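# Coordinates in review
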Amino acid sequence: MSAPPLTETQILDALRRIQDPDLHRDIVSLDFIKDLKVEDGSVAFTIELTTPACPVKAQMEAQAKEFVGALPGVKEVDVTMSARVTRGRAATDKQSISGVRNIIAVASGKGGVGKSTVAVNLAMALAESGARVGLMDSDIYGPSIPLMMNVSGSPTAGAGNRMVPMENYGVKLMSIGFMTPGDDSPVIWRGPMVMQAVTQFLYNVEWGELDYLIVDMPPGTGDAVLTLVQKVPLSGAVIVTTPQDIALIDAKKGLMMFTKVETPILGIVENMSSFVCPHCGERTEIFSSGGGRKMSEKYEVPLLGEIPLDPEIREWGDQGKPIVIAKPESPVAEAFRTFASAVAARVSVVNIGTGTADRPASGSYIPLKVG
């Protein structure tokens, strides 16, 4: 007597054993399984994740092959991995950017913490994973993106007189540095002009279809920052700090500001976390240690990463090559990739938790604890 034919229900039941570690649900109920086909013992399907930067993509693929392959009658399992990035929240009082699925602010309460370096390498790591990424420099008085991304020249006018962003390393770019003379002339503008420039970068640029628009914020909570949080529905903010107490004090102010304007805090990243001697391997806590972790625990927000202090970050940045592509095998490049995966995962959690993603909601989004 021949065995009963293999059914789609059996396959889906096997796949329910695979849990998304961030969304805390199985991949079937999350509607990750697409194009399921069963024929003569051959099974084929696609697992569509919420981001190409998913840190457990390879693990999910291996589990899917193992669990389905163990079913009676299965001879072959063909798994295709893909991603469709979730869309950020909408807001009735804010104007979204056409084609841009998520806007992520990279911010700090003070200068000198490596915020632009973090923003640049976050953008590069996300683009490297296969995401469509833009990087907007909203620091009008001290733009650094042109140098760090090795781009010069001025944007051209496209359809409807909208600016065509510059591009390098697969990332679309916009900065006031592309529009000022290359003679180190300072930008001396009052607040209204700064706000107008930021608005132009948001809505008068042909960003096209982007999964993530990373916004490198100026330090503090001035005009450019307020313009951004008031005008666009941010998917969330990443707070950059260094371990020492003085940096943590200012980082807390940035965190409080975003929370007061009801912007989700994706988490904290501790830059310049420690220095590992390239000769002896000894770790030195130059700026103390553990400050970012303590802050994340106090305010109940994730610690997204701890980026080591490495002179090569500065050296390659000055040459216009982010460390993620200049030294892709280095520990610091891997730290940035891990951080980027954590950011992408948090965006998915926030989007699905608020029910604004192109997928079913998985529950209520819990406001962050501040105070």
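Residues numbered from 1 in each chain as written. Predicted model: local features only at pLDDT ≥ 70, side-chain atom pairs only at ≥ 80, totals over all residues. Heavy atoms only, no water.

### A word on the sheet that holds strand β14 (residues 265–270)
- Taking strand neighbours across the sheet as the criterion, the eight strands line up as β10-β11-β7-β12-β6-β13-β14-β17 in an open arrangement whose pairing is mixed. At either end of the open sheet lies a strand with only one pairing partner, and these are β10 (166–168) and β17 (303–306). Neighbour-to-neighbour, the strand axes of the sheet open up by a mean angle of 25°, direction not taken into account.
- As defined by bridge partners, strand β6 (residues 103–107) adjoins strand β12 (residues 212–216) across four bridges and the pair is classed as parallel. Within the sheet, the bridge partner assigned to Ile103 lies in β12 and is Leu213.
- Sheet strands in contact with helix α3 (residues 115–128) are β6, β7 (133–137), β11 (171–174), β12, β13 (236–241) and β14, and its direction is about 170° off that of β12. (Pairing = 2+ DSSP bridges. Helix = DSSP H or I, 4+ residues; strand = E, 2+ residues; numbered from the N terminus. Axes fitted to C-alpha atoms, helices over the stretch in contact; angles between N-to-C directions. Contact = heavy atoms within 4.5 Å.)

### Quick word on the pairing of β13
- For β13, the tally of buried residues reaches six of six residues, placing the bulk of the element in the interior.
- Along β13, one buried face is formed by Gly236, Val238 and Val240 and the opposite face, lined by Ala237, Ile239 and Thr241, is buried too.
- Where β6 lies against β13, four bridges are found, and the strand directions are parallel. The residue of β13 that forms the bridge with Val106 is Val238.
- Bridging between β13 and β14 involves five bridges; their strand directions are parallel. Bridge pairing in β14 places Val238 opposite Gly267. (Buried < 20%, exposed > 50% of the residue type's maximum accessible area, 1.4 Å probe, protein only.)

### Some remarks on empty space enclosed by the protein
- Scanning the entire structure with this criterion turns up one cavity of 30 Å³ or more.
- Size it by volume and the largest cavity reaches roughly 80 Å³.
- Along the walls of the largest cavity sit Asp20, Asp22, Leu23, Phe32, Leu49, Thr50, Thr51, Cys54, Pro55, Ala345 and Ser348, which together make up its complete lining.
- Residue classes in the lining of the largest cavity are distributed as six nonpolar, three polar and two charged. (1 Å grid on protein atoms, 1.4 Å probe; cavity = no way out; pocket = protein on both sides within 12 Å on 5 of 7 lines; lining within 4 Å. Points joined across faces, edges and corners; volume = space filled by probe spheres on them. Nonpolar A, V, L, I, M, F, W, Y, C, P; charged D, E, K, R; others polar.)

### Focus on the packing of α3 against helix α11 (residues 331–353)
- Where α3 meets α11, the closest approach of the two axes is 9 Å, and the angle between their N-to-C directions is 75°. On the basis of their axis angle, the class for α3 and α11 is roughly perpendicular. For the pair formed by α3 and α11, the contact residues are Thr117, Val118, Asn121, Leu122, Ala125, Leu126 and Glu128 on the first element and Phe336, Arg337, Phe339, Ala340, Val343 and Ala344 on the second.
- Of the residues assigned to the contact of α3 with α11, the class counts are nine nonpolar, two polar and two charged. (Parallel < 35°, antiparallel > 145°, perpendicular 65-115°, else oblique.)

### Quick look at the side chain of Arg337
- Mapping Arg337 onto the fold places it in helix α11.
- Beyond its immediate sequence surroundings of up to four residues, Arg337 is in contact with Ala125, Glu128, Val324 and Pro328.

### Examining the nonpolar core
- Counting 45 residues, the largest nonpolar core has Leu135, Ile214 and Phe339 as the members making the most contacts within it.
- In this structure, Ile214 is in contact with Ile104, Val106, Ala119, Leu122, Ala123, Leu126, Val133, Gly134, Leu135 and Met136, ignoring residues within four places of it in sequence.
- Membership of the second largest hydrophobic core comes to 39 residues, among which are Ala107, Leu213, Ala237 and Tyr299. (Core = buried A, V, L, I, M, F, W, Y, C linked by side-chain atoms within 4.5 Å.)

### What about the pattern of salt bridges?
- Overall, the coordinates contain 10 salt bridges when judged by the stated rule.
- The residue Lys34 makes a salt bridge to Asp31 at a minimum N-O spacing of 2.9 Å.
- In this structure Lys34 comes out as partly exposed when scored by relative accessible area, which is 22%.
- The salt bridge partner of Glu48 is Arg84, with a shortest N-O separation of 3.3 Å. Taken together, the residues Glu48 in strand β4 (residues 42–49) and Arg84 in the loop between β5 (76–83) and β6 connect sequence positions 36 residues apart. (Salt bridge = Lys/Arg side-chain N within 4 Å of Asp/Glu carboxyl O.)

### A closer look at the environment of Val194
- For Val194, the position within the fold is in helix α5 (residues 191–203).
- Given the relative accessible area of 4%, Val194 is considered buried.
- For Val194 and Ser138, which are 56 residues apart along the polypeptide, the C-alpha to C-alpha distance reads 9.0 Å.

### Topic: the sheet that holds strand β3 (residues 33–39)
- In space, the three strands of this open sheet follow the order β3-β4-β5, with mixed pairing throughout. Single-partner strands in this sheet number two, and they are β3 and β5. For this sheet the average axis-to-axis angle between neighbouring strands, irrespective of direction, equals 10°.
- Both β3 and β4 contribute to a ladder of five bridges, which runs antiparallel. Counterpart to Glu39 in the pairing with β4 is Ser42.
- In this fold helix α1 (residues 8–15) packs onto β3 and β4, with an angle of close to 135° to the strand it touches most, β3.
- On the sheet, helix α2 (residues 57–69) packs against β4 and β5 and is oriented at approximately 155° with respect to β5.

### A look at unusual backbone geometry
- Look at His24: it is not a glycine, yet its phi comes out positive at around 60°.
- Position of His24 relative to the elements: it lies in the loop between β1 (19–20) and β2 (25–26).
- Since its relative accessible area comes to 63%, His24 is described here as exposed.
- Notably, Asp35 is not glycine yet its phi reads approximately 55°, a positive angle.
- Summarising the element assignment, Asp35 is placed in strand β3.

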